[in-house]
Amino acid sequence: MEKKEKRTGEAKLMKGNEAFAEAAIRADIDAYFGYPITPQSEVLEYLEREIPNRHGLVLQAESEVASINMVYGAAGAGARVMTSSSSPGISLMQEGISYIAAAQLPCLIANVVRGGPGLGTIQPSQGDYFQATKGGGHGDYHLIVLAPSSVQEMADFVFDGFRLAEKYRNPVMILSDGALGQMMEKVILPEEGSLPKTTPAWATTGKTKNREHNVITSLFIQPEEMEQVNLRLQEKYKAIQSEVRYEEIQTDDAEILLVAFGLSSRICQKTVDLAREKGIKVGLLRPITLYPYPYARLNELSSQVEFMLTVEMNAGQMVEDVRLAVEGKVPVHFIGRMGGMILSPEDILHKLESVHESHNAVNV
Amino acid sequence: MNEKLYLEDEENLGTQVDESYEQVYCKPGTLTDVPFHYCPGCGHSVVHKVLMEVIAELGIQEETIGVAPVGCSVFAYQYMNIDMQEAAHGRASAVATGVKRVLPDKYVFSYQGDGDLAAIGTAETIHTVNRGENILMLFINNGIYGMTGGQMAPTSLIGQVTSTSPYGREAAQVGNPIKIADMLCLLPGAYYVTRQIVHNPNGVRKLKKALIKAFEYQKQKKGTCFVEVVSNCPSGWKMTPVETIKYIEEKMLPMYPVGDLKVPQN
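Residues numbered from 1 in each chain as written. Chains lettered and ligands numbered in written order. Predicted model: local features only at pLDDT ≥ 70, side-chain atom pairs only at ≥ 80, totals over all residues. Heavy atoms only, no water.

A. Summary view of the domain arrangement of chain B. Residues and elements named next belong to chain B. Domain boundaries in chain B define domain 1 (1-30) and domain 2 (37-262). The gap between the C-alpha centroids of domain 1 and domain 2 is 32 Å. With five residues of domain 1 at the interface, the matching set in domain 2 holds nine residues. Between domain 1 and domain 2, a total of about 500 Å² is buried, with carbon and sulfur atoms accounting for 55% of that surface. (Domains from an automatic or database assignment. Contact = heavy atoms within 4.5 Å. Buried area = accessible area lost by both parts, 1.4 Å probe.)

The structure is reproduced here in structure tokens:
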């Protein structure tokens, strides 16, 4: 599915949240509904400032509960629509997200993750991995989840996200974090108007004489029918597996594999360099889609490496998927920090070396 | 039986079906052929029919999008032959906001009961009206949660016995019945607020007039029109339909008086 946007103009220095918001306007969104929460308020602020002078619609709702239901209504009416929030706000949206997934409405939801649980902290975290990739709300459903690791990807994934959402009639989540949202980096923005838009035939735009009335619903009270709806969803999720994306860094000759997404993967790149300076052959696999997840590629790599080390800004969430992927063929270790704290490349290197030594000790 | 008597083609209205019958009434084309699931005597059926008659008479079937609630009228979209969305419990006015904002030239209405609109959806209700969303909010107040089996609603009367107030509603414990329509009048976004009934023919006629006004105001983009219907729940109240009419008149209407609560100021 990788399809690079045409980019115009000079590279700009932008905050992740602002690059995301600007990309949304360039992706020709019809509407954005949101509610302020740190560390993603710049998205709403940027759109409130820009949209009145450009195109589209932005509305500050009374709550995240209202925002996500406005997204439902607008998506059901055939609009290209999105919202964004941070962890506690995303939790509030979960009911609506479940309804959107069930009613098969395309939309984009960005979670600029902060440390939790509860009110937590405003500092960056990856503690919402389970919530984003395993469902989050009630019922058997999945979001397509994209994990940017740079300000450039904060912008690019708006386009990729809408393309996937509209292709599969499925909500897409961009799972970033407080650091990616707040930090400034060079970005070349996607070209305005380069994402084609059509009004889908199923949308509630007013019943015309030549068709039956369109209904957007997630209610199927007969269990036989509800089961069929679920089976169709599962078929769709199966098809979505073909959209898996990941990036590999120095995996060709790697004897040890780091696995990390988002901001953690940026830190791990430095660890790879540090390790290789010391003669340890380390590679990195960065899942770009967290759902679908690159299980197959990790399984392949398990026959090549001595062990894997998963690095996350949480208590160990994605590591469960890595373990599922390798099916016990190689040991999978974990290092992480929580509560808004960030690992240094050296922390990861130390962990890597100590695991490496203990493995060698066992082998002797 | 003469099958022609059951013609539902609106074009036949007023024509002589045979020597002895002239067709003077038919189900509007804005209603589907799906039979209502509502209990005998329930006001929902009447409100559905009146609403769909108004949409047919105004000729706006192709331009109207409705939002159904969670509650007894959760299946409203099966009966209303217009494009519709089914909202989560309490969120109909937020969903309607989303629809209206991206389709500003269409007619949009939400249809909600008392638990949906005045309990779980209170925030959405107040803020939708406060924004003056150009939609019709139709509010069916029967003072009970019908769908879930007759539990106490925010609008249940003091002393009312329900499955969750088996000794009668007590203000000291759970507060007083909430008069949400009266509260909404305080908001500048509310353009037209009225309370109607459907348990007698005169009430039905007046509801129809109120709905026509509401759609006209919506066309003129005047703000939110809020139409409350004080209705009944024979099953939840554990009464016959006839008994419910007496209960509405003797108990409900003194608390929720019929009439316009806020009319356009000119």
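More follows now that the structure is in view.
B. Examining helix α6 (residues 151-168) of chain A more closely. Residue and element names in this part refer to chain A. With 18 residues, α6 extends 26 Å between its outermost C-alpha atoms, agreeing within 8% with the 26 Å of an ideal straight helix rising 1.5 Å per residue. The principal kink in α6, of about 30 degrees, is found at F157. Within α6, 15 of the 18 residues are buried, which leaves the element mostly enclosed by the surrounding structure. Positive phi shows up at R169, right after α6, with a value of about 50 degrees. (Helix = DSSP H or I, 4+ residues; strand = E, 2+ residues; numbered from the N terminus. Expected span 1.5 Å × (residues − 1). Bend = angle between axes of the 7 residues up to and from the residue. Buried < 20%, exposed > 50% of the residue type's maximum accessible area, 1.4 Å probe, protein only.)

C. Examining the domain arrangement of chain A more closely. All names here are of chain A. Domain parsing of chain A yields domain 1 (12-197 + 214-242) and domain 2 (248-363). Placing a centre on the C-alpha atoms of domain 1 and another on those of domain 2 gives a separation of 28 Å. In this assembly, 32 residues from domain 1 lie in contact with 27 residues from domain 2. Here domain 1 and domain 2 share an interface that buries about 2300 Å² over both sides, 55% of which is from carbon and sulfur atoms. Taken together, the links from domain 1 to domain 2 amount to three salt bridges. E153 is the partner of R286 in a salt bridge, and the nearest nitrogen-oxygen pair spans 2.8 Å. (Salt bridge = Lys/Arg side-chain N within 4 Å of Asp/Glu carboxyl O.)

D. Summary view of the sheet that holds strand β15 (residues 332-336) of chain A. All names here are of chain A. The sheet built from five strands is open, its strands ordered β10-β12-β11-β14-β15 with mixed pairing. Lying at the two open borders of the sheet, with one neighbouring strand each, are β10 (246-249) and β15. Averaged over all adjacent pairs, the angle separating strand axes in this sheet is 20 degrees, with direction ignored. As defined by bridge partners, strand β11 (residues 256-259) adjoins strand β14 (residues 307-312) across four bridges and the pair is classed as parallel. Residue L257 lies in a different strand from β14, and its bridge partner there is M308. (Pairing = 2+ DSSP bridges. Axes fitted to C-alpha atoms, helices over the stretch in contact; angles between N-to-C directions.)

E. Just the environment of G146(B), in detail. Residues and elements named next belong to chain B. Along the chain, G146 turns up in the loop between β5 (144-145) and β6 (151-152). Since its relative accessible area comes to 27%, G146 is described here as partly exposed. Here the alpha-carbon distance between G146 and D114, two residues 32 residues apart in the chain, equals 9.9 Å. Those residues in contact with G146, other than ones at most four positions away along the chain, are C72 and C233.

F. Layout of the nonpolar core. Residues F20(A), F33(A), V158(A), V259(A), L298(A), M308(A) and F226(B) are the most contacted members of the largest nonpolar core, which totals 125 residues. No other element matches the ten residues that α6(A) contributes to this core. With residues near it in sequence (within four places) discarded, F33(A) still touches L57(A), L59(A), S67(A), M70(A), V71(A), A74(A), V81(A), M82(A), T83(A), S84(A), G98(B) and R101(B). Counting 37 residues, the second largest nonpolar core, distinct from the first, contains I60(B), V74(B), F109(B) and Y111(B). (Core = buried A, V, L, I, M, F, W, Y, C linked by side-chain atoms within 4.5 Å.)

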